[in-house]
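This is what each chain is made of:
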Amino acid sequence: MTRGKLKIGMFGYGCVGQGLHDVLNSSSGFKADIVRICVKDRTKKRRIPMSNFTFDKDDILNDPSINLVVELIDDADEAFRIVTTALKSGKNVVSANKVMVAKHFKELVDLQNKHHVSLLYEASAGASITIIRNLEEYYDNELLHSLRGILNGTTNYVLTKMHNEGIEYDVALKEAQAKGFAESDPTLDVEGWDAKYKLCIITGHAYGLFLDPDEVFHYGINRISAFDIRYAKEKGLKIKLVPYVGKTCENTITSFVLPRFISSDKYLYNVDNEYNGVITEAAFADKQFFSGKGAGGHATGSAVLSDISANSYGYKYEYKKHQQGTVSNYTRNFKLEIYLRYSNEKDRKLFGLKDVSEYFSSKLYKYVIGVVNLETLYSLREQLRNMDVFIVNTGRKINK
Ligand SMILES: NC(=O)c1ccc[n+]([C@@H]2O[C@H](COP(=O)([O-])OP(=O)(O)OC[C@H]3O[C@@H](n4cnc5c(N)ncnc54)[C@H](OP(=O)(O)O)[C@@H]3O)[C@@H](O)[C@H]2O)c1
């Protein structure tokens, strides 16, 4: 495929779709035609002529002149139907849909191999940070000890506003939504699902395991209180939502998503607002830090454009760590030190931890710091959704 011949059929013209449109129009060095855009709502006013749009996905999927499908919709099930149909009919695809990729990872890899097509999804994890291609190309032969970071712009924006400006959780979340950082359903962001889907995608490229997201423990920020922010501030810490994946031994990894205390000497401390940051620790490259905007139409659109450009010179993921097969096991038998803020003694006992109490705003707050096993947190995952507790990983290393 040559650059001049790239004919794109695009699905979605929302925050990212319009962002990509702007980015493509401003990119003088790259030639690609968006032949048709498929959207859903017939009544919505569009900022470009209606002749560009269709409401029938087959107008794109059955058009033989279209050689690249760019999928940017907010419905993961429909996205999966669109993407698999396109791949099966020999069209390459670029997508930003982390829910779809994470939930159908292995199947999507198999389809690419079977039909000799390419699916690129750099924007799905970390938006503008090129972490997937880095893991594929730079870290293909590195002994990667761990990867952690901030992968969700909405929660980072909310936590920044709460910490720096004392803004309440609900108000900060509304601001993040108004700025276009939040998912259509913000529970995906604040409960930690979005960060987990991204972590699962990254794990596929970092370690070659295509994890079932249901096997990975995640915990978000929707239970955070002003007390937790005050506790962190008094100790010179910030709270960030930090997904982690790392080796526990040569052939085994663990992973989870948890809020984490970050001290001011750490890279992630100054990653604020909608910015994302990723830290890799490896045997030879040592520590590396990547940072960039993790949400927003133009930032995400630039990652999609980079995939479109990579597609034009025949790039496809080789899933090198999966081919190497060095890592074959996944475990949740992993000790963590946590801060647990709770109100009910029964809840604390579920974690097997001893208590400390403190008054704040004339209300009794209780918290405890202690060591738990990740498997314990995982076994409590359903109860945790309704429990009046907040959990933070202290980040301290535990002697095994
Ligand atoms: N926003 C970000 O910062 C960001 C960052 C990274 C990744 N992403 C991912 O990018 C994707 C798009 O997100 P977004 O923020 O751009 O969403 P959005 O602003 O809500 O826009 C969604 C678009 O999808 C279209 N759509 C929904 N269902 C459709 C269907 N069945 N057929 C055709 N079109 C359909 C909508 O059509 P109408 O216009 O007719 O309503 C709309 O244009 C999502 O997978 C998201 O996770 C977003």
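Look up: the structure comes first, before these words.
So, here's what we can say about the structure. Here the structure is a predicted model, which is why all the values come from computation and not from measurement.

## Concerning the pattern of salt bridges
Step number 1: The tally for this structure, following the rule as stated, stands at 27 salt bridges.
Step number 2: A salt bridge links D22 to R47; its shortest N-O distance comes to 2.6 Å. Of this pair, D22 sits in helix α1 (residues 15-26) while R47 sits in the loop between β2 (33-38) and β3 (53-54), and the two are 25 residues apart along the sequence.
Step number 3: With relative accessibility at 25%, the residue D22 sits in the partly exposed group.

## Comments concerning the site of the ligand
Step number 1: In the neighbourhood of the ligand, 25 residues make up the surrounding shell, with Y13, D41, K44, R46 and G296 lying closest.
Step number 2: Between the ligand and the protein, one listed contact pairs an oxygen atom with a side-chain N or O atom of R46 at 2.7 Å.
Step number 3: Relative to its free-state accessible area of 910 Å², the ligand is covered by the protein chains to the extent of 88%.
Step number 4: Here the shell around the ligand is composed, by residue class, of 10 nonpolar, seven polar and eight charged.

## Focus: the pairing of β2
Step number 1: In the sheet, strand β1 (residues 7-11) pairs with β2 via five bridges, with the strands oriented parallel. Directly across from I8, in β2, lies its bridge partner I34.
Step number 2: As a crossover connection, the stretch from β1 through α1 into β2 is right-handed.
Step number 3: The sheet contact formed by β2 and β3 spans two bridges and is parallel.

## Comments concerning the sheet that holds β2
Step number 1: Read across the sheet, six strands follow the order β3-β2-β1-β4-β5-β6 without closing on themselves; strand pairing throughout is parallel. The sheet is open, and its two borders are formed by β3 and β6 (119-120), each paired with just one other strand.
Step number 2: By the bridge criterion, two bridges tie strand β5 (residues 92-95) to β6 in an arrangement that is parallel. When the sheet's bridge partners are listed, V94 is paired in β6 with L120.

Definitions and limits used
- Residues numbered from 1 in each chain as written.
- Predicted model: local features only at pLDDT ≥ 70, side-chain atom pairs only at ≥ 80, totals over all residues.
- Heavy atoms only, no water.
- Salt bridge = Lys/Arg side-chain N within 4 Å of Asp/Glu carboxyl O.
- Helix = DSSP H or I, 4+ residues; strand = E, 2+ residues; numbered from the N terminus.
- Buried < 20%, exposed > 50% of the residue type's maximum accessible area, 1.4 Å probe, protein only.
- Near = heavy atom within 4 Å.
- Polar contact = N/O pair within 3.5 Å; in protein donor to acceptor, adjacent residues only side chain to side chain.
- Areas by Shrake-Rupley, 256 points an atom, 1.4 Å probe, with all protein chains shown as cover.
- Nonpolar A, V, L, I, M, F, W, Y, C, P; charged D, E, K, R; others polar.
- Pairing = 2+ DSSP bridges.
- Right-handed = clockwise from strand over helix to strand, strands pointing away.

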